[in-house]
Amino acid sequence: MARTTLRALASSDAEAIVVPAGSCATMIRVFWRELFELAGTDEDRRQAEQVAARTYEFSEFLDASGAPENAGADRTPTVYHRSCHMLRELGIDRQPERLLDSTGTDRRPTAAEGRCCGFGGLFSVKLPEVSVAMADEVLDAAKGAGAERVVGCDTSCLLQLESRAQRRGDELEFRHLAEVLDQAATETES
Amino acid sequence: MTTRAEFLAAVRDRLREPIPENHLRPLTEAGLGEPIRYAVELSDPEARFLEAATGVGAEVVGRPEDDLRAILERVRDDVRPARAVVTDDPECKGVAPILASLGVEVLAAGGPSDVATADLGVTGALGGVALTGSLVMDSGRARTRLASLLPEVHLALLARDRIAATPGDFLRELSRWFPDGLPSNIVFITGPSRSADIELEITVGVHGPRKVLVALR
Amino acid sequence: MSSEFLTLSTSLRERTAAQVSDSRLRSNLARATDAFADRKAAAYAQFADPEEVRAKARAAKGEVLRRLDQILERLADRLEAVGAQVHWARTDEEARDHVRRIVQTHSAHRIVKSKSMLSEEIALNEALEEIGSEVTETDLGEWIIQLAREAPSHIIVPAIHKDRTQVRDTLQRVAEGDLSDVPGELAAFARRELRQRFLQADLGISGVNFAVAESGTLVLVTNEGNGRLATSVPPVHVALLGMERVVETWEQLDLLLALLPRAATGQPITTYVSAITGARRPKELDGPRELHVVVVDNGRSSILGTEFTEMLACIRCGACLNVCPVYRQTGGHGYGWVYPGPMGAVLTPLLVESKGAAEVPNASSLCGACWQACPVGIPLQDMLLALRRRASEEARLGERAAWGAWAAAWSRPWAYRASLRLASMAARMFNPSKVPGPPQRWALGREVPTPARHSFRDQWRKGSR
Ligand code: SF4
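Here the residue numbering is sequential within each chain, running from 1 through the sequence in written order. In the order they appear in the text, chains get letters beginning with A and ligands get numbers beginning with 1. In keeping with the predicted nature of the model, local features appear solely for residues at pLDDT of at least 70, side-chain atom pairs appear and are counted solely at 80 or more, and the whole-chain, interface and lining totals rest on all residues. Note that water and hydrogens are dropped before the side-chain values are worked out from all heavy atoms of the structure.

## Quick word on the interface of chain C and chain B
Thinking step 1. Contacts between residues were defined by any pair of non-hydrogen atoms, one from each residue, lying within 4.5 Å. Tallying the contact residues gives 111 residues for chain C and 84 residues for chain B.
Thinking step 2. In short, buried area is how much 1.4 Å probe accessible area vanishes from two parts on joining, totalled over both. Here chain C meets chain B over a buried area of about 8200 Å², counting both sides, of which 58% is carbon and sulfur.
Thinking step 3. A side-chain nitrogen of Lys or Arg and a carboxyl oxygen of Asp or Glu constitute a salt bridge if their distance falls within 4 Å. Taken together, the links from chain C to chain B amount to 14 salt bridges.
Thinking step 4. As a salt-bridge pair, Glu73 of chain C and Arg12 of chain B come within 3.6 Å of each other at their nearest N and O atoms.
Thinking step 5. Counted as a polar contact is a pair of N or O atoms within 3.5 Å, where, for protein atoms, one must be capable of donating a hydrogen and the other of accepting one, and residues adjacent in sequence contribute only when both atoms are in side chains. Here chain C and chain B share 47 residue pairs in polar contact (both at pLDDT 80 or more) between them.
Thinking step 6. Polar here means any residue other than Ala, Val, Leu, Ile, Met, Phe, Trp, Tyr, Cys and Pro, which are nonpolar, and Asp, Glu, Lys and Arg, which are charged; Gly is therefore polar. Grouping the constituent residues of the side of chain C that touches chain B by class yields 49 nonpolar, 28 polar and 34 charged.
Thinking step 7. Between any two strands, at least two bridges found by DSSP are needed for them to pair. Put simply, DSSP marks the helices as runs of H or I at least four residues long and the strands as runs of E at least two long, and each gets a number from the N terminus on. Sheet topology places strand E9 (residues 185-189) of chain B next to strand E9 (residues 272-276) of chain C; five bridges connect them, and they run antiparallel. Of the residues in E9 of chain C, the one forming a bridge with Ile189 of chain B is Tyr272 of chain C.

## Quick word on the site of the ligand
Thinking step 1. Taken together, the neighbourhood of the ligand is formed by 13 residues, with Cys314, Cys317, Gly318, Cys320 and Cys374 of chain C sitting nearest.
Thinking step 2. Grouping the constituent residues of the shell around the ligand by class yields eleven nonpolar, one polar and one charged. Residues are classed as near a molecule or strand on a simple rule: at least one heavy atom within 4 Å of it.

## Considering the confidence of the model for chain A
Thinking step 1. Residue-level confidence of the predictor is summarised by pLDDT, bounded by 0 at the bottom and 100 at the top. Chain-level pLDDT for chain A is 81 on average; 87% of the residues reach the 70-or-more range.
Thinking step 2. Taken element by element, chain A is modelled with least confidence in helix H2 (residues 22-39) of chain A, mean pLDDT 69, and with most confidence in helix H8 (residues 128-144) of chain A, mean pLDDT 93.

## Some remarks on the nonpolar core
Thinking step 1. We define a nonpolar core as any set of buried Ala, Val, Leu, Ile, Met, Phe, Trp, Tyr and Cys residues linked to one another through side-chain atoms lying within 4.5 Å. The buried label goes to any residue with under 20% of its type's maximum accessible area, the exposed label to any with over 50%, and the partly exposed label to all in between, with areas taken from a 1.4 Å probe on protein chains only. One finds Phe49, Leu135 and Phe170 of chain B together with Leu68 and Leu72 of chain C to be the most contacted residues of the largest nonpolar core, which totals 149 residues.
Thinking step 2. Ranked by residue count, the leading element in this core is helix H12 (residues 250-265) of chain C, at ten residues.
Thinking step 3. Excluding anything up to four places from it in sequence, Phe49 of chain B contacts Gly128, Val129, Ala130, Gly133, Ser134, Leu135, Leu158, Ile163, Val214 and Leu216 of chain B.
Thinking step 4. Counting residues in each nonpolar core, the second largest holds 31 residues, with Ala118 of chain B together with Ile145, Leu186 and Val233 of chain C among its members.

## Some remarks on the sheet that holds strand E5 (residues 149-152) of chain A
Residue and element names in this part refer to chain A.
Thinking step 1. Sheet architecture is open: four strands sit in the order E4-E3-E5-E6, paired in parallel fashion. Taken across any chain shown, the strands that pair with only one partner, and hence form the sheet edges, are strand E4 (106-107) and strand E6 (173-176).
Thinking step 2. Between N-to-C directions, angles cover 0 to 180 degrees, with each direction set by a line fitted to C-alpha atoms, over the stretch in contact for helices. Along the sheet, helix H6 (residues 95-102) contacts strand E3 (77-81), E4 and E5; its crossing angle with E3, the most-contacted strand, is approximately 160°.

## Focus on the pattern of salt bridges
Thinking step 1. Applying the stated criterion to the full structure yields 65 salt bridges over all chains.
Thinking step 2. Of the charged contacts, one joins Asp66 of chain B and Arg74 of chain B as a salt bridge, the two residues approaching to 3.4 Å between their closest N and O atoms.
Thinking step 3. Residue classification places Asp66 of chain B among the partly exposed positions, given a relative accessible area of 23%.
Thinking step 4. Across the pair Arg210 of chain B and Glu152 of chain B runs a salt bridge whose closest N-O atoms are separated by 2.6 Å. Note that Arg210 of chain B is positioned in the loop between strand E11 (203-204) and strand E12 (211-216) and Glu152 of chain B in the loop between helix H6 (139-142) and strand E7 (153-158), a separation of 58 residues in sequence.
Thinking step 5. Each of Arg82, Arg94, Glu97, Asp101, Arg107 and Glu113 of chain A takes part in one network of salt bridges that share partners.

## Here we look at the pairing of E6 of chain A
All names here are of chain A.
Thinking step 1. For E5 and E6, the ladder comprises four bridges, and the chain directions are parallel. Of the residues in E6, the one forming a bridge with Val151 is Arg175.
Thinking step 2. The handedness rule is simple: strands pointing away from the viewer, and a clockwise path from the first strand over the helix to the second, make the crossover right-handed. As a crossover connection, the stretch from E5 through helix H9 (residues 155-168) into E6 is right-handed.

## Overview of the sheet that holds strand E8 (residues 246-247) of chain C
Thinking step 1. Strand order in the open sheet formed by eight strands is E8(B)-E5(B)-E6(B)-E9(B)-E9(C)-E6(C)-E5(C)-E8(C), with mixed pairing between adjacent strands. Each edge of the sheet is formed by a strand with only one pairing partner; in this case those strands are strand E8 (163-164) of chain B together with E8 of chain C.
Thinking step 2. With two bridges joining them, strand E5 (residues 210-212) of chain C and E8 of chain C adopt parallel strand pairing. Bridging from a neighbouring strand, Ala211 of chain C pairs with Val246 of chain C of E8 of chain C.

## Points about the environment of Gln329 of chain C
Thinking step 1. Tracing the backbone through its elements, the reader meets Gln329 of chain C in helix H15 (residues 325-330).
Thinking step 2. By relative accessible area, Gln329 of chain C is classed as buried at 3%.
Thinking step 3. Residues Gln329 of chain C and Val157 of chain C, spaced 172 residues apart in sequence, show a C-alpha to C-alpha distance of 16 Å.
Thinking step 4. In contact with Gln329 of chain C, other than residues within four places in its own chain, are Val130, Ala133, Met134 and Glu137 of chain A together with Gln19, Val20 and Arg26 of chain C.
Thinking step 5. A distance of 3.0 Å separates a polar atom in the side chain of Gln329 of chain C from a polar atom in the side chain of Arg26 of chain C.

Listed below in structure tokens is the structure:
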């Protein structure tokens, strides 16, 4: 499976591979090396290194290319959810927040800063009660900060939080950072 | 019962092959090299010691220029001890007669149940640590380890020129501090005994002294 | 430790779900772990470069583990040279036997203990009570736990799951008058009660935080003073030493000593750091006349040399518990064995052989906060993942397939999209909470998400710009 993707990416001559989900970028940049180290050929390893070197997580790429100047009119009170993989494995720290701030949004700090949403892949169904309690804490913190919107860069976290919020009946909106940036840019243009 | 040889052989056996590496987060060979670098001002050890010691709740009751009798008088007025125990540390020279003349009964050396009846323990300190505000007790010089432990109040006399900058500086020079080899008990004391076992609220004087007083000499 | 408190024979899910439903427990834990986080940050700020200290400590521990046999040998030589008696225990049973023999030789009826997780691991208290000794835990938190007949739920703060009212109610059982719930007053009560026991004790038992091989010194790091009392007042001191808790030099110790209290409680140093080298010397007035050191393997050597070797670098600081979002919700008892949190989730299956133990690594969302917090940089999340892989290789094929399909669906973008569609279709057709297996568990407390009106993916496709 990983090898299929590796071949596909390696055969592309794009300068940068931009991945819109933090976990996927982590997979390619961090865990592939380990994977192919253990179960790959020399060719796999060479390709994995080479692909990893030009793979960027979405916000990291955008931020490095200079944050767009599009102070929009969107003042929605927002909490940014820092996903574990991006924060700890990729070390992507403030980039997404910088980008978000460029839209002029009312970004608020949260008491659950950097705390896991409780998804964790299989974890979410192996220990559903704990997983839900973890989501609750992140959601409560967002609401406690007065947020109406949660923005993230990792689809899995957003899925977990949104699913729980829907069940609780929380009035919270969930958006990928790209959506918010896109919307802000569209507004600025028009 | 397993013998030493058997136990160690089993350990050795596990180390025949190289230990597998974590490729994601490999272990670097970052040798020990330089001592830990601290972001704390340590150029004046005495000043830092006093700041750190009071920061953890120790009280400074005397400076080198103060007269020993004046210090002990202040301590007596503050603590009102009925009974005191004084160690054989060289810094304590002259303490017992002064205390006696101030109306404090000074216990003759004894075991735990005697020392436990004292409400003041007076000890010297072999040295201090500036970074942490710690006092270093040496059971060899003091001949007792309980004077700094059982009484409610512990008064330590510390020479100002015996303050190491960091714990590491002290530990790297153990052979200088203890030229005759390590005593059976060395203890670094940093402030009064404390516990945070109930709701992480810090309470003082759980098993050891409630008050730690320091006089610089 | 009473056995109904810790068990690996129920399922991890049952245990953790029960803990999660206790909202008082969760708020007690949240308060405590938040306080830890603030204190730790302040204490680390004293380092010019905390990462450098961590890296050096990790390397130093790695070096020790690579030469553990030689270093243990050196330690044993030095210990014997300073007059300590060294006992070797391959198993928990052997360790208990050693201690029992020492206790019986001295007809020690009254025993005081300073907190030791290793003694919990080998279930020492029960073994000593069986031969008629009265064992008193003297660490305030551990005493509370002993009186409540529970097991510690944290390796540094055993009663972290209890608030002041619960502590008051527990101590009230042995108090004559009415106790208040003010922590300072409760601590004063403990001091009075336990002081007598120290003075009357025949034997003291402690753990060891670090042993320094080059001088044969045992280092104990404590705050309350009970550790000093237990190792100074009774005529005999028995120290339990996990075989991996050794360093070779004082220079190495400096690194670990700087990190342990900062990571554990946010203190630059604990109130007391005792360095014990042998028993009382001829001119001394107090201190134990005999020092026994029981060196315990109990499964540790089976970790040595494997991909989990670095787990033996653990200095038992509890930092990984304090930052773990799972521990924060469940507390320690749900893990089912003496070591909770991320370090426990790694150690349990490595030290205990059972199906229940193999399941414990699932108590992690693999968020990596533990690794980031660990003062010796143990890659806990990599180990948790490896342990899960190992457990699933041993699991039944059918079980594996069900989880595997679900895992695949959530880990790949295309499958994620497909599963969203499928799930929303299914949601319209069936009640998802009736479909057994993973979907049902997802639906427990969460909606099966309906795709957004226009999902990011579709929008991106359309090139809405
Ligand atoms: S694994 Fe690391 S953080 Fe956890 S207790 Fe051990 S040393 Fe501390």
